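What follows is the residue order along each chain.
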Amino acid sequence: MGDNVYGECDDSSCETLVDASKYRNSPLKEAYDTLASDPSFQRARANLPMIATLDNHDYGRIDANENNPMKDEAKEMFLDFFAVPSNDERRRLNDGVYTSYEWGPEGQKIQAILLDVRYFHSEFKPTDEPGAPLKEKYIPDNDPKKRFLSQKQWKLLEQSLARPANVRLVISSIQVMADGHGFECWRMIPHERTKLYNLLQPTLAKTRTIILSGDRHVGGFYKHETEDLYEVTASSWTHTIPYGKFDDCSDAQECDEIDPRRMDDFVRVNHFGVIHLDWDNREMFVGFKRVETVAVNEDGNANFEKLLQPHVFSIP
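This structure is a prediction, so every number in the text was calculated from the model and none was measured.

## Let's talk about the environment of Val176
Stage number 1. Position of Val176 relative to the elements: it lies in the loop between strand 5 (167–171) and helix 7 (190–200).
Stage number 2. Beyond its immediate chain neighbours, meaning those up to four positions away, Val176 contacts Trp186, Arg187, Arg193, Leu196, Tyr197, Ile211 and Glu231.

In structure tokens form, the structure reads like this:
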């Protein structure tokens, strides 16, 4: 879901990367090389199928948008790292790395739609009160010219949503539903988020749809206030933010941002998201698992399978 590596340049070094040859020796390339040589990742890659999109840290520049001068190089490094074939449509796209996948027989069809919310998204509106709640870094911008996706990506999304699916995963590297913070999220370009909701709404009765996101370094479940639509934010595998990391707080009541759409407290241990499909009972189990090998029950005994914040959803 993006931030597959942390390889962005800082403001000073970004200006030195003026051509492709220099960018190929950039911190982003080094980050990919480091991950590729990691034994744990090598074992995972050898045994698990991987699908991916990118976000800002693997886009080469922090909070980068359509104005990133080296976005084409970042795109090619991403595609190379994930061994995307030379004849894959994403190699020919001039507006990102978005794509979709489908698996399963009739009645058990799964669709995954990976969005690219970096390549064409407009610059966010800077806050007028840095650090203030809901305005920490950015504020919503109602300029109708602002966008998250290119027209071509919107069209492909519409076509993908028209295809039959029993379970649909819409994957956005940044949060869609969250309203409780002023960092990067779809809230910052309201008309684009409304457009996304309007496209999803007619499909919800026949398809169990879950939005998946990352970015925040905490985990959480969100529910749309009027639609049967949920979002699961899983972040991160290695650098989840514990209580008191940046604020003088010690529990969820003090530390967690107020957001009426969030269903539970934030998950603040290193974790990853898990989805299990029970086709016999038409149920979908979603939750988080600790990255650490051993989770612990309330009685102090080790439990290797404990699921954090488990939720069950029906499959139409």
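## Looking at the layout of surface pockets
Stage number 1. Estimated volume of the largest pocket: approximately 2,100 Å³.
Stage number 2. Those elements giving two or more residues to the lining of the largest pocket turn out to be helix 3 (27–36), helix 4 (39–47), strand 2 (110–114), strand 5, strand 9 (271–278) and strand 10 (283–290).
Stage number 3. When the residues that make up the lining of the largest pocket are grouped by side-chain class, the tally is 29 nonpolar, 13 polar and 3 charged.
Stage number 4. Around the second largest pocket sit 32 residues that line it, and Phe183, Arg216, Ile241, Phe246 and Glu257 are the ones nearest its centre.

## Describing the state of the cysteines
Stage number 1. According to the stated counting rule, one finds 1 disulfide in the structure shown.
Stage number 2. Cys249 shares a disulfide with Cys255; S-S distance 1.9 Å. Classification of the bridge connecting Cys249 and Cys255 rests on its S-S torsion, roughly 115°, and on that basis the disulfide is right-handed.
Stage number 3. In this structure Cys249 comes out as buried when scored by relative accessible area, which is 12%.
Stage number 4. A relative accessible area of 16% places Cys255 in the buried class.
Stage number 5. Its sulfur unpaired, Cys185 is 20 Å from the next cysteine sulfur, which belongs to Cys255.

## Some words on the side chain of Arg193
Stage number 1. Its place among the elements puts Arg193 in helix 7.
Stage number 2. On the basis of relative accessibility, which here comes to 11%, the residue Arg193 falls in the buried class.

## A closer look at helix 7
Two residues of an α-helix separated by three or four positions point the same way, owing to the 3.6 residues in each turn.
Stage number 1. Listed in full, the buried residues belonging to helix 7 are Glu192, Arg193, Leu196, Tyr197 and Leu200. For helix 7, the angular spread of the buried residues around the axis is 140°, confining them to a single face.
Stage number 2. Contacts made by the buried residues of helix 7 are with helix 6 (151–161), strand 5 and strand 6 (208–213).

Calculation criteria
Residues numbered from 1 in each chain as written. Predicted model: local features only at pLDDT ≥ 70, side-chain atom pairs only at ≥ 80, totals over all residues. Heavy atoms only, no water. Helix = DSSP H or I, 4+ residues; strand = E, 2+ residues; numbered from the N terminus. Contact = heavy atoms within 4.5 Å. 1 Å grid on protein atoms, 1.4 Å probe; cavity = no way out; pocket = protein on both sides within 12 Å on 5 of 7 lines; lining within 4 Å. Points joined across faces, edges and corners; volume = space filled by probe spheres on them. Nonpolar A, V, L, I, M, F, W, Y, C, P; charged D, E, K, R; others polar. Disulfide = S-S within 2.5 Å. Buried < 20%, exposed > 50% of the residue type's maximum accessible area, 1.4 Å probe, protein only. Arc of directions from axis to C-beta.

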